[in-house]
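# Understanding the architecture of this molecule
Residues per chain are reported as follows:
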Amino acid sequence: MQDNATLTGTLRGLQLFDIAESIDLQRLQSIIGTIPRREPAFRHPAPDYVRFERPPITQTIGTQRMMGADVEVRIRYFDYGVASIELKIPFRAGWHELLKLANGWMLSPDMETFAEQILRGALAKTGETLIKPHEKWISEDYYIVQVDPVRQGDANLSAEDLLRDRGEEIAQLVRGETQTLSAGERLEVLQSSISYYPTDLLVVAWVAAFLYDTPQGATPTVDLLEYANTQLLEFRYYDEVLTKVLSDVYKQLEHRHTMWARWKMARQAETLNTIRLDFEELAERTENAIKFLSDMFNARLYRLAAARIGVSDYRSLVTEKLNTARDLYESMVNEFHQGRAFFLELMVVVILLVEIMFLFWHKPV
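What counts, and at which threshold
- For every chain, the first residue of the written sequence is number 1, and numbering continues from 1 along that sequence.
- For this predicted model, a pLDDT threshold of at least 70 governs which residues receive local features, and a threshold of 80 or more governs which side-chain atom pairs are given and counted, while totals over whole chains, interfaces and linings are taken from all residues.
- The side-chain numbers reported here are obtained from all heavy atoms of the structure, hydrogens and water having been left aside.
- Like charges within 9 Å and nonpolar side chains (Val, Leu, Ile, Met, Phe, Trp, Tyr) within 5 Å are joined into patches, using only residues over 30% in relative accessible area that form no salt bridge.
- Only the protein chains shown count as cover for residues, and the accessible areas themselves come from Shrake-Rupley with a 1.4 Å probe.
- A carboxyl oxygen of Asp or Glu within 4 Å of a side-chain nitrogen of Lys or Arg is what we treat as a salt bridge.
- Here a helix means four or more residues in a row that DSSP labels H or I, a strand means two or more in a row labelled E, and each is numbered from the N terminus.
- To sort residues, take the accessible area from a 1.4 Å probe on protein chains only and compare it with the maximum for the residue type: under 20% means buried, over 50% means exposed, and anything in between is partly exposed.
- Between the rings of Phe, Tyr and Trp (Trp by its six-membered ring), a pair exists once the centres lie within 6.5 Å; its type follows the angle of the planes, with under 30 degrees stacked, over 60 edge-to-face, and the other angles tilted.
- Either the NZ atom of lysine or the CZ atom of arginine qualifies as a charge over a ring when it sits within 6 Å of the ring centre and within 35 degrees of the ring normal.
- By definition, two strands form a pair when at least two bridges between them are found by DSSP.

To continue, consider a nonpolar patch on the surface. Taken together, the side chains of Val348, Val349, Leu352, Leu353, Ile356, Leu359 and Phe360 present a nonpolar region at the surface, about 680 Å² in accessible area. Within the secondary structure, Ile356 sits in helix H9 (residues 311-361). Among the residues examined, Ile356 registers a relative accessible area of 42% and is labelled partly exposed.

Structure below.
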């Protein structure tokens, strides 16, 4: 591949926000008037059931001005309370210019602010569809560089040749770097690649992904990458919630357990158990959503993305805290029952003593 080759494609910035416990998609659909598709629409052979179980709702915002460029904006709402704002611009550039463009987007402090303003403006009309909205949003960002197939002679450049000739630039793109990476680091990055046809390629990293495919062929892959990031955001949210709750529980357990404290412990245990059940519901949604990918190419693609983006790590972290929460819940409930049993036994003793006192009080002399 020539050094001065001109590349065309699309640069996407995904800004995701956890805005509520859940979103009423049916009500949202009636407000914005869109019809959800059972996405993603895979281009290669796939059974009819290979679709999202709960299709998100997409709201098209249109073209907005950002960082001196016209950016195409859309919002996608997921039923578990996540909103994803996609900022998209086409590009026509060489490798060096593309590296600078992508790096500028990834390091820009204005991306999140711009996306949040867009979302809050949209929620002015659709905010009533949020169920238990969060006062404080947590956010996640991800970037996708989609490059159109490059013609080389009578055919498109293969993924194998692209990796051989431009592996250095691809590694820089997905790491958000403008400087050359070491040979070892470059090799580590490029190991996270996957292809279905000889002329398509996906390289996934924590901050960004490189996608070599046609715009139509790239669509389902973009959807799966976005979906993986929504799951990462959900697990991050529950990690923060569990961390705070467990910290509060530990503080309570450090105090001396008076009788009244043991009765309060029942309410604290119930709160802890409620959060545990909420997470189990989230996990069930996650399993149901990715079950359709079982034993297929896209299952491997999703697992690769989930591992590289950090979904698997956060899920393991939350699962460990959940196990701790379960153990604490059982311990707190047992302590409550012991306290209640002691109180009841004490009351029985008091009643017996009172009866004995009355018996001797009224006994004839």
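Two measures describe an aromatic ring pair: the distance that separates the ring centres and the angle between the ring planes. The final tally for this structure, using the stated rule, is seven aromatic pairs. Consider the rings of Tyr196 and Phe297, whose centres lie 4.9 Å apart with planes at 65°: the pair is edge-to-face. You can see Tyr196 sitting in the loop between strand E8 (193-194) and strand E9 (201-204) and its partner Phe297 sitting in helix H8 (residues 297-309), a full 101 residues away along the chain. A relative accessible area of 35% means that Tyr196 is categorised as partly exposed. Under the relative-accessibility criterion, Phe297 is labelled buried at 13%. These aromatic residues form a ring-pair network of at least three members: Tyr196, Tyr197 and Phe297. Taking the ring centre of Trp137 as reference, the NZ or CZ of Arg120 above it sits at 3.9 Å.

This part is about the sheet that holds strand E1 (residues 7-23). Reading across the sheet, the eight strands line up as E2-E3-E4-E1-E5-E10-E9-E8 and stay open at both edges, with mixed pairing between neighbours. Where the open sheet ends on each side, the last strands, each with one partner, are strand E2 (57-66) and E8. Relative to strand E3 (residues 69-77), E2 runs antiparallel, the two sharing nine bridges. Bridging across to E3, Met66 finds its partner in Ala69.

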